[in-house]
Amino acid sequence: MSYIEVNSLKKDFVVKKKREKGKLLREKETVNALKGVSFSVEKGELVGYIGPNGAGKSTTVKILSGILTPDGGEVKVGGIVPWKERKKHVKNIGVVFGQRSQLWWDVPIIDSYNLLKDIYRIPQKDYEERLKELTEALQLEPIMRTPLRLTSLGQRMRAELCGSLLHRPELLFLDEPTIGLDAVSKLSLREFLKWENREHGTTIMLTTHDMEDIEALCSRVMVLGHGKKLFDGKLSDLLERYDTVRNVHVKFSSEYPNLKLPEGVEWQKGEDGIVLSYKPSKLPTAKLLSILQDAGNISELMLQPENTDHMIAAMYKELDL
Amino acid sequence: MSYLTVFKMRLRMELQYRGAMIGGIFCQMFFGIVLVALYRALYAGKTQSVPIENIATYVWLQQAFFRMMFATDTELTDKIKSGDISYDLCRPVNMYAFYYARIAAQKLMGSVMRAVPMLTMAFLLPKGWGISLPVSPLGFALCVPAFVLGFLCVCALENISVAFTMKSLDPRGIAALLNLLMMIMSGNLLPLTLFPESWQKVITLFPYAQLLDAPIRLYTGEYVPADALRIYAVQAFWVVTLIWLGVVMWNANRKRMIVQGG
């Protein structure tokens, strides 16, 4: 049996709508946030969980962390049903919600940690050791005695992460942890997550919209849409399956030549030169390049690297999400 | 113990708002003096069933512990509104007890920090204007447990309104209602001792009368020491009932709860 077992998980929400004119009661609509999702995760895995807004990602995380009770299906995390034995379950997990804060706003960060130490009943020695380790890894030393309200977003995110890991959880849920962070903070956060996963074998489940997070961290990715699981496997396999458009920027040294472009290639005027978009599956890149070369007088040519965001967008479109 | 730690944390946080405390003291001092002046004017030399010294004492004690009575932990209700409560739900603690400890700390620190300077000043005012000494050392000794029971009662009441907020998502409606009831039925607006005799029989049985009215009456001697056990019994009944009700509400909330968005 795997560490996390999810079987045909269902969750409905009732959304009340504004009363329509001439009707006595408000209309209610049931939204099926999860329509039977199943998957399993092994210990020590680093899994990405993606999907458009409203796909049911956060709902899954909330059920797995024992906050919500599902309307159907089975869930077991380390043999425990999260919402049935909430207190026992949450001792082993850590959660970071990128858009929320668990630390106390008005008091120094270290005081919030001391509270967490008592909440999770971490032995003093173990706590000191772990705190030292995390402080170094997350570079928290300079802000330890600062009230949370005086820290920057990047510092706060690192502090939140430390708070969620103090009790050495076996399983860490990250719900959009890099939201709103600058490039340096993002990179260091990713480095840290990799380190935590490697050093302590912490199982990590990451939901995000940032494809770079997934690329950098997750060997396995699950795609959720309309409350269903649409894909489960390697990121590279996912990207291969979905044909995406690539762009070439071309700059000409003199006159703009009369190009005879094959079907499927679109062009538009860029700042200095033109941008061609094509699908590599229909027209191999090499062939396009030879066409351009034949046209002559090219001064500069730039192939845009593959953009995961575009691919994911194309995939969502294809799956009608 | 995590409940004790959250209690201590909230105490410390309360200390961060010293400006609010000083403002609150001035405001409550002003209210106290105006109210006492008002009752003195109404009495105007005529003898009444309740002596003016007792009324002044009643008013001052009510004003000094004003912070204890009314719901003021907006951070808690904000958490529910914004969904930050998710984090608290991911902790291996009992939610009711966790929030009860928080509420208790905020009420205790908030009111004691104001009560000490206020009561000191009220003692310095001339007799009939300020607060009088307790009726007897025994009266004072009996008032202390009543105060503790009243305190437990008011925390349980606030936790119910927090649990209710989980349902309504907006604390203002229920808070407005409860605060109005609190103002009238606790004796904050008009000392309960001035209500008609027949009303008092009923009103003193309500939970609101247990908070400050009961201990104040033991302090001023309106309740004689022989009444004490009966008073404690009524208070204890409400403490148990309100905590039970709160726990039931919290448990029901957990089953039907939704945390929306993100």
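## A few points about the overall build of chain B
- Tallying secondary structure elements over chain B gives 13 helices and 0 strands in all.
- Secondary structure of chain B in N-to-C order comes out as α-α-α-α-α-α-α-α-α-α-α-α-α.
- Taken over C-alpha atoms, the radius of gyration comes to 19 Å for chain B, in line with the 18 Å a tight globule of 262 residues would show.
- The buried share of chain B, reckoned over its 262 residues, is 45%.
- Contacts spanning at least 24 positions in sequence make up 81% of the contacts within chain B whose residues lie at least 6 apart.

## Things to note about the overall build of chain A
- Counting its regular elements, chain A contains 10 helices and 13 strands.
- Dimensions of chain A along its principal axes, counting C-alpha atoms only, are 75 × 60 × 45 Å.
- Residues counted as buried form 35% of the 321 residues belonging to chain A.
- In chain A, the share of contacts with a sequence separation of at least 24, taken over all contacts with a separation of at least 6, comes to 69%.

## Focus on the nonpolar core
Residue and element names in this part refer to chain B.
- Cys153 and Ala156 are the most contacted members of the largest nonpolar core, which totals 139 residues.
- For this core, the element with the most residues is helix H8 (residues 137-168), which contributes 16 residues.
- Ignoring any residue separated from it by four or fewer positions in sequence, one finds Ala156 in contact with Val239, Leu242, Ile243 and Gly246.

## A short note on helix H6 (residues 183-200) of chain A
- The end-to-end C-alpha separation of H6 of chain A is 26 Å, in line with the 26 Å expected for 18 residues at 1.5 Å each.
- Residue Gly201 of chain A follows H6 of chain A closely and has a positive phi angle near 65 degrees.

## Let's talk about the environment of Gln63 of chain B
- By secondary structure assignment, the location of Gln63 of chain B is in helix H3 (residues 52-64).
- Once residues within four sequence positions are removed from consideration, Gln63 of chain B is found in contact with Gln28, Phe31, Gly32 and Met118 of chain B.

## Examining the sheet that holds strand E9 (residues 228-234) of chain A
Residues and elements named next belong to chain A.
- The strand order across the open sheet built from 6 strands is E5-E6-E7-E3-E8-E9, with neighbouring strands paired in mixed fashion. Each edge of the open sheet carries a strand with a single partner, namely strand E5 (93-97) and E9. If you compare each strand with its neighbour and ignore which way they point, the axes differ by 15 degrees on average.
- Where strand E3 (residues 46-50) and strand E7 (residues 203-207) come together, 4 bridges link them in parallel fashion. Within E7, the position partnered with Tyr49 by the bridge is Thr207.
- Packing against the sheet, helix H1 (residues 57-64) makes contact with E3, strand E6 (171-175), E7 and strand E8 (220-225), and its axis sits at approximately 150 degrees to E6.

## What about the packing of helix H5 (residues 153-165) of chain A against H6 of chain A?
All names here are of chain A.
- Close contact between H5 and H6 brings their axes to 10 Å; oriented N to C, the two are set at 15 degrees. Here H5 is positioned roughly parallel relative to H6, judged by the angle of their axes. Crossing of H5 against H6: the hand is right-handed. Across the interface between the two elements, Gly154, Met157, Arg158 and Leu165 from H5 touch Ser185, Leu189 and Glu196 from H6.
- For the contact of H5 with H6, a count of residues per class yields 3 nonpolar, 2 polar and 2 charged.

## What to know about the interface of chain B and chain A
- Listed as interface residues are 22 residues of chain B and, on the opposing side, 24 residues of chain A.
- Those elements giving two or more residues to the side of chain B that touches chain A turn out to be helix H1 (2-15) and helix H6 (85-89) of chain B.
- Among the elements that line the side of chain B that touches chain A, the one with the most residues is H1 of chain B, at 6 residues.
- Grouping the constituent residues of the side of chain B that touches chain A by class yields 12 nonpolar, 6 polar and 4 charged.

## Comments concerning the sheet that holds strand E11 (residues 266-269) of chain A
Residues and elements named next belong to chain A.
- The sheet built from 4 strands is open, its strands ordered E11-E12-E10-E13 with antiparallel pairing. Among the strands making up the open sheet, the edge pair consists of E11 and strand E13 (298-303). Averaged over all adjacent pairs, the angle separating strand axes in this sheet is 20 degrees, with direction ignored.
- The pairing of E11 with strand E12 (residues 274-278) spans 4 bridges and is antiparallel. Paired with Glu266 across the two strands is Ser277, which belongs to E12.

## Describing helix H9 (residues 285-295) of chain A
- The buried fraction of H9 of chain A amounts to 0 of the 11 residues, a small share that puts the element mostly on the outside.
- Two residues or fewer past H9 of chain A, Gly296 of chain A is found with a positive phi of approximately 80 degrees.

## Details of the environment of Thr69 of chain A
- By the secondary structure assignment, Thr69 of chain A is in the loop between H1 and strand E4 (72-77).
- Distance in space between the C-alpha atoms of Thr69 of chain A and Lys84 of chain A is 8.5 Å, their sequence separation being 15 residues.
- Every residue in contact with Thr69 of chain A, bar those within four places of it in the chain, is listed here: Trp83 of chain A together with Lys255 of chain B.

So, how was this worked out
- Residues numbered from 1 in each chain as written.
- Chains lettered and ligands numbered in written order.
- Predicted model: local features only at pLDDT ≥ 70, side-chain atom pairs only at ≥ 80, totals over all residues.
- Helix = DSSP H or I, 4+ residues; strand = E, 2+ residues; numbered from the N terminus.
- Rg over C-alpha atoms; globule rule 2.2 N^0.38 Å.
- Buried ≥ 20, exposed ≤ 12 C-beta atoms within 10 Å, placed from the backbone.
- Contact = placed C-beta atoms within 7 Å.
- Core = buried A, V, L, I, M, F, W, Y, C linked by C-beta atoms within 7 Å.
- Expected span 1.5 Å × (residues − 1).
- Pairing = 2+ DSSP bridges.
- Axes fitted to C-alpha atoms, helices over the stretch in contact; angles between N-to-C directions.
- Parallel < 35°, antiparallel > 145°, perpendicular 65-115°, else oblique.
- Left-handed = near helix turned anticlockwise from the far one by under 90°.
- Nonpolar A, V, L, I, M, F, W, Y, C, P; charged D, E, K, R; others polar.

Read these as spatial facts, not as claims about activity.
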